Structures are given as structure tokens and as C-alpha cells.
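Here is what each chain is made of, one letter per residue.
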Amino acid sequence: MNKLNHLAIIMDGNGRWAKSKGLIRTNGHKVGANVVEDITSYCCQKGIANLTLYAFSTENWKRPKSEVDFLMNLLEKFLIEKRENFVKNGIKFHTIGDLEPFNNSLKNEISNLKNLTANCDKLNLILAINYGARDEITRAVNNALQSGENISEKSISSHLDTSEFGDVDLLIRTGGEQRLSNFLLWQASYAELYFTPTLWPEFTSKELDEIISSYQKTHRKFGGL
Ligand code: FPP
């Protein structure tokens with residue numbers, strides 16, 4: 001049975017879900033944030049060590065300012081509201097991506113939650129925010145060069161934002177699109193990919209459980225036999 005050390009999810013379909021219910025797009029994000037909590041709890045219970053969620057890409061700034069502002073506020077609220085829950089359940093909070101462009105208030109909450117959960121050791125919850133794999137790989141190569149290292153797969157891997165979490169084993173995308181959208185391109189080189197038509201606000205731990213069961217039975221070859 002394949003071990004699942006690192007699960008990564010592209011949470012897509014919030015806007016379409018809202019539209020299908022006659023709601024505005026941001027309602028989809030709001031419900032989506034509740035699903036983040038459910039899926040995180042499930043991963044905790046199942047003993048999955050690392051969960052990376054794509055919450056905001058380097059390209060998402062192109063959305064209308066009102067939607068970007070809503071997402072930033074929602075994220076900040078989430079980080080404040082989930083404090084107790086994270087500590088109680090041993091969830092250690094991390095981010096990947098360039099935090100520079102975020103406002104100070106959000107940066108402070110990110111830093112607060114990281115400090116507060118620094119000793120938690122059940123699950124690493126890694127939020128990808130202002131994240132793009134090309135940006136991450138470019139930063140990693142520049143950092144390796146600045147440290148005077150020879151460029152190799154090992155040196156690049158060690159400078160990636162995800163260096164402590166390892167390669168992705170299973171990458172799921174909800175919402176029916178079959179693309180990676182600049183998410184963990186290096187780390188997902190040998191990941192098993194799973195695309196589900198379910199829109200993120202309707203994604204459940206039951207569906208995740210079924211996907212994981214199927215992943216566990218897959219024959220992973222890593223280029224071998
Ligand atoms: C993609 O759906 C989703 C996003 C760009 C944002 C993801 C955010 C959340 C799941 C909620 C907030 C998360 C946290 C951690 C508080 P889309 O809007 O592109 O959907 P569409 O393809 O149907 O338009």
C-alpha cells in the first residue's frame with residue numbers, strides 16, 4: 001500500500017458553485033473556507049503528515065480588486081478564528097509563496113499563527129498564497145547561487161519553499177479542469193494526479209477518503225518497473 005506523506009490540493013470551483021446557486025462568487029469562497037477546515041481535520045485524523053492547499057496564486061491578483069480584497073479578508077479571518085482549533089489538534093501552520101505583497105495586518109496574522117503552532121507536530125498545513133511554481137523555482141535557483149552552491153537537483157530542492165515537506169505523493173484538483181496552473185511543478189514530478197468534477201465547496205472528506213484508497217492501490221514506478 002502506498003504511503004501518503006504529502007497531499008496537495010488545487011481547490012477550484014468556488015465561483016461556479018456560487019453561480020449555480022444564484023449567489024455571488026465570493027459566497028463560494030466563504031463556503032470553500034469551511035471545506036478547508038473539514039479536509040484539514042480529516043488529514044489530521046488519518047495521520048497524513050503534510051497537506052498543501054493552493055489558496056491564492058501569483059496570477060490571482062488579476063481578479064477584480066473586490067474579489068482579491070474579499071479573499072485577503074477571508075484568509076485573515078480564518079487565521080484568527082482557527083487558532084484554538086489548530087493548537088488543540090496539533091496543526092502546524094506554514095505558508096509557501098512570496099508574502100511580500102500582503103498587507104501588514106495579514107502578514108502579522110500569518111506570523112502569529114506560525115509562532116503559535118510552532119510546536120505542533122500532527123499535521124503540517126501548508127497554505128500556498130501568492131504562490132507560483134515558476135516564481136518558487138526561480139527564487140530557489142537564485143538563493144542557491146547566492147549561497148555559492150553548484151546548481152543540482154538536490155541544491156534546488158533544498159531551496160524550495162517546500163524543502164522540509166518533500167515531494168508531493170498525491171495531487172488532487174477539484175472543479176473539473178485538468179491542469180496544474182503553476183502549482184508545485186517541481187515537487188509533483190512523480191505525484192499521482194487526480195481530477196474530480198466536484199466543485200470545491202461540495203468536496204467532502206468521504207470523497208477524499210475514496211481518492212486516497214484508490215491512490216494507495218496504485219502501482220507507483222518512479223520511472224522504474
Ligand atoms: C478557485 O476557485 C479558488 C481560489 C482562487 C481561492 C481558494 C480559496 C478558498 C478555498 C477559500 C479560502 C481559503 C482559506 C484557506 C481561508 P475559483 O474562484 O477560480 O472558481 P471558478 O473556477 O469556479 O471560478
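Rules used in this analysis
- Residues numbered from 1 in each chain as written.
- Predicted model: local features only at pLDDT ≥ 70, side-chain atom pairs only at ≥ 80, totals over all residues.
- Heavy atoms only, no water.
- UniProt positions renumbered as here; feature names shortened; annotations may be inferred.
- Near = heavy atom within 4 Å.
- Polar contact = N/O pair within 3.5 Å; in protein donor to acceptor, adjacent residues only side chain to side chain.
- Areas by Shrake-Rupley, 256 points an atom, 1.4 Å probe, with all protein chains shown as cover.
- 1 Å grid on protein atoms, 1.4 Å probe; cavity = no way out; pocket = protein on both sides within 12 Å on 5 of 7 lines; lining within 4 Å.
- Sits in = over half its atoms within 2 Å of the grid points.
- Helix = DSSP H or I, 4+ residues; strand = E, 2+ residues; numbered from the N terminus.
- Nonpolar A, V, L, I, M, F, W, Y, C, P; charged D, E, K, R; others polar.
- Buried < 20%, exposed > 50% of the residue type's maximum accessible area, 1.4 Å probe, protein only.
- Axes fitted to C-alpha atoms, helices over the stretch in contact; angles between N-to-C directions.
- Parallel < 35°, antiparallel > 145°, perpendicular 65-115°, else oblique.
- Left-handed = near helix turned anticlockwise from the far one by under 90°.
- Contact = heavy atoms within 4.5 Å.

Where an unreviewed UniProt entry is consulted, the protein chain appears under the name Isoprenyl transferase, with the organism given as Campylobacter iguaniorum. Note on the protein chain: under the UniProt heading Function (unreviewed entry), the record states "Catalyzes the condensation of isopentenyl diphosphate (IPP) with allylic pyrophosphates generating different type of terpenoids."

K.L.:
An account of the site of the ligand is requested, with residue identities and associated values reported.
P.N.:
The full set close to the ligand counts 16 residues, and D12, G15, R16, R25 and R63 are the nearest of them. Contact between the ligand and N14: an oxygen atom at 3.2 Å from a main-chain N or O atom of the residue. Between the ligand and the protein, one listed contact pairs an oxygen atom with a side-chain N or O atom of R25 at 2.8 Å. Within the complex, the protein chains bury 92% of what would otherwise be the 620 Å² of accessible surface of the ligand. Mapping the ligand onto the cavity grids shows that it belongs to the largest pocket. Among the secondary structure elements, those contributing two or more residues to the shell around the ligand are helix 1 (14-20), helix 2 (25-46) and helix 3 (65-81). Here the residues of the shell around the ligand are counted per class, giving seven nonpolar, five polar and four charged.

K.L.:
Which residues make up the environment of V36, and what values do they have?
P.N.:
Turning to its location among the elements, V36 is positioned in helix 2. A relative accessible area of 8% places V36 in the buried class. Measuring from C-alpha to C-alpha, the distance between V36 and A8 comes to 12 Å, with 28 residues separating the pair along the chain.

K.L.:
Describe the packing of helix 2 against helix 3, naming the residues involved and giving the relevant values.
P.N.:
Two elements in contact, helix 2 and helix 3, have axes whose closest approach is 10 Å; the angle formed by their N-to-C orientations is 25°. Taken together, the axes of helix 2 and helix 3 are roughly parallel relative to one another. The element helix 2 and its partner helix 3 pack so that their crossing is right-handed. Across the interface between the two elements, R25, T26, H29, K30, A33 and V36 from helix 2 touch E67, F70, L71, L74 and F78 from helix 3. The residue inventory of the contact of helix 2 with helix 3, partitioned by class, reads six nonpolar, two polar and three charged.

K.L.:
Residues and numbers for the UniProt feature "active site" (unreviewed entry) in the protein chain, please.
P.N.:
The UniProt record marks D12 and N60 with the feature "active site" (unreviewed entry), using the residue numbering of this structure. In sequence the annotated residues extend across 49 residues, while in space they remain close, none of their C-alpha pairs exceeding 12.3 Å. From the list above, the largest pocket is lined by D12 and N60. Here D12 shows up in the loop between strand 1 (6-10) and helix 1. By the secondary structure assignment, N60 is in the loop between strand 2 (50-57) and helix 3. Within the local environment of N60, its side chain forms a polar contact with the backbone nitrogen of S57, the two atoms lying 2.8 Å apart.

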